[in-house]
Each structure stands twice: as C-alpha cells, then as structure tokens.
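Chains, contacts and geometry: an overview
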Amino acid sequence: MSIKRYGVGGSTGTGGQKLPFAKAVEAGGWLYVSGQTPMKDGEVVEGGIIEQSRLAIQNCVDIMQDAGYTLADVVHVKVFLTDARYFQSFNKVFAEFFSDHPPARVCCVADLVVDCKVEVDLTCYRADR
C-alpha cells in the first residue's frame, strides 16, 4: 500500500504561518482530509456560523475533489463548534452538502486554536484506489 500526501509545503495558516501537515493523506483507498476552518488565503473569513460553516465544508470538499474523490465517497465527518447554539444552523449547512449521501458524523463543542466558529474534517473511501 502506498501513501500519497496532498498540499504538503504550500499551505499557510493565519498570519502566513507555514503549516507543518498535509491538507490530506491517501492510503489504501482512504482519504483523510485535515481539519479545515473558514479560511481563504490564510485568513479567517468574517461572518456568522452559516457563512463560516459553508466555507469550512467547502474547503474540505475542494481538497477531496482535487484528490479525485466526490461527496458520495465521504464516509465520516468530524465537526468542532465553539458554541452549542450553532448546532442547528450548522446542520442546515451540512444538509446542503450531504443530503444525497449522508455520512456518519460526530459533532462536539471545543475551543479552537484558530479564532473562528467551526472546524471540519472528513474521511473518504474509494475501493478502486
């Protein structure tokens, strides 16, 4: 089994900090996408939980699509919210992406190391990989 890493060396976080991890890693048909926050060009995008959720999920989707996976390949999603009151709003955005192929999911409340409201990661699987 080979391991392929995506987005190594070119990713930046807040303040232009070079990130020491891959955007995603593929092994044996599995793709693990690193936690994504609502960032564009290394900076958190302002906005409420709806806007931030949409961008965090879209950032995951962009990475998995670049690796050749689709929403139908997503098997598990992890969600970190900074406030339990965001749960219903997040679910509405989540359904926009995953209503046709709902994955398994965990959602918890946690402090994040980036000043935003949500972080999302996901795991995909393709038997033909």
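Residues numbered from 1 in each chain as written. Predicted model: local features only at pLDDT ≥ 70, side-chain atom pairs only at ≥ 80, totals over all residues. Heavy atoms only, no water.

For the rest of this paragraph, the subject is the environment of Gly68. Note that Gly68 resides in the loop between α1 (49–66) and β6 (74–81). In the structure, Gly68 is positioned 30 residues away from Phe98 in sequence and 17 Å away in space, judged by C-alpha atoms. Sequence-distant contacts of Gly68, that is, excluding residues within four places in its chain, are made with Arg126 and Arg129. (Helix = DSSP H or I, 4+ residues; strand = E, 2+ residues; numbered from the N terminus. Contact = heavy atoms within 4.5 Å.)

Glancing now at the sheet that holds strand β3 (residues 30–36). One open sheet accounts for six strands, arranged β1-β2-β3-β8-β6-β7; its pairing is mixed. Sheet topology places β1 (3–6) and β7 (104–109) at the edges, where each strand pairs with a single neighbour. On average, each strand axis in the sheet is inclined to that of its neighbour by 10°, with strand direction left out of account. Bridging between strand β2 (residues 24–27) and β3 involves four bridges; their strand directions are antiparallel. (Pairing = 2+ DSSP bridges. Axes fitted to C-alpha atoms, helices over the stretch in contact; angles between N-to-C directions.)

What follows concerns helix α2 (residues 87–98). With twelve residues, α2 ought to run about 16 Å at 1.5 Å a step, and its terminal C-alpha atoms sit 16 Å apart, in line with that. Among the residues making up α2, those that are buried are Phe90, Val93, Phe94, Phe97 and Phe98. Seen along its axis, α2 keeps its buried residues to an arc of 120°; they face one direction. Turned more than 90 degrees away from the buried face of α2, the exposed residues are Gln88 and Lys92. Buried residues in α2 make contact with α1, β6, β7 and β8 (118–125). (Expected span 1.5 Å × (residues − 1). Buried < 20%, exposed > 50% of the residue type's maximum accessible area, 1.4 Å probe, protein only. Arc of directions from axis to C-beta.)

This part is about the pattern of salt bridges. Charged atoms that come close allow side chains of opposite charge to pair. Enumeration over the complete set of coordinates arrives at five salt bridges. When the shortest N-O distance is used, the salt bridge between Arg54 and Glu96 registers 2.8 Å. Note that Arg54 is positioned in helix α1 and Glu96 in helix α2, a separation of 42 residues in sequence. Owing to a relative accessible area of 49%, Glu96 belongs among the partly exposed residues under this scheme. As a salt-bridge pair, Arg126 and Asp128 come within 2.5 Å of each other at their nearest N and O atoms. (Salt bridge = Lys/Arg side-chain N within 4 Å of Asp/Glu carboxyl O.)

Hairpin connection from β2 to β3: two residues lie between these consecutive antiparallel strands, with Gly28 at a positive phi of about 55°. In this structure, β3 lies alongside β8, joined through five bridges in antiparallel fashion. Bridge pairing links Gln36 to Val120 in β8.

With that settled, consider the nonpolar core. Within the largest apolar cluster, 27 residues are counted, with the highest numbers of intra-cluster contacts made by Leu31, Ile57, Met64 and Leu122. Looking at this core, the elements with two or more residues in it are β3, α1, β6, α2 and β8. A total of seven residues in this core trace back to one element, the largest contributor, which is α1. Met39, Leu112, Val114 and Cys116 belong to the second-largest nonpolar core, a separate cluster that totals five residues. (Core = buried A, V, L, I, M, F, W, Y, C linked by side-chain atoms within 4.5 Å.)

Moving on to the side chain of Ser53. Here Ser53 lies in helix α1. Setting aside residues no more than four positions away along its own chain, Ser53 makes contact with Phe90, Val93 and Val118.

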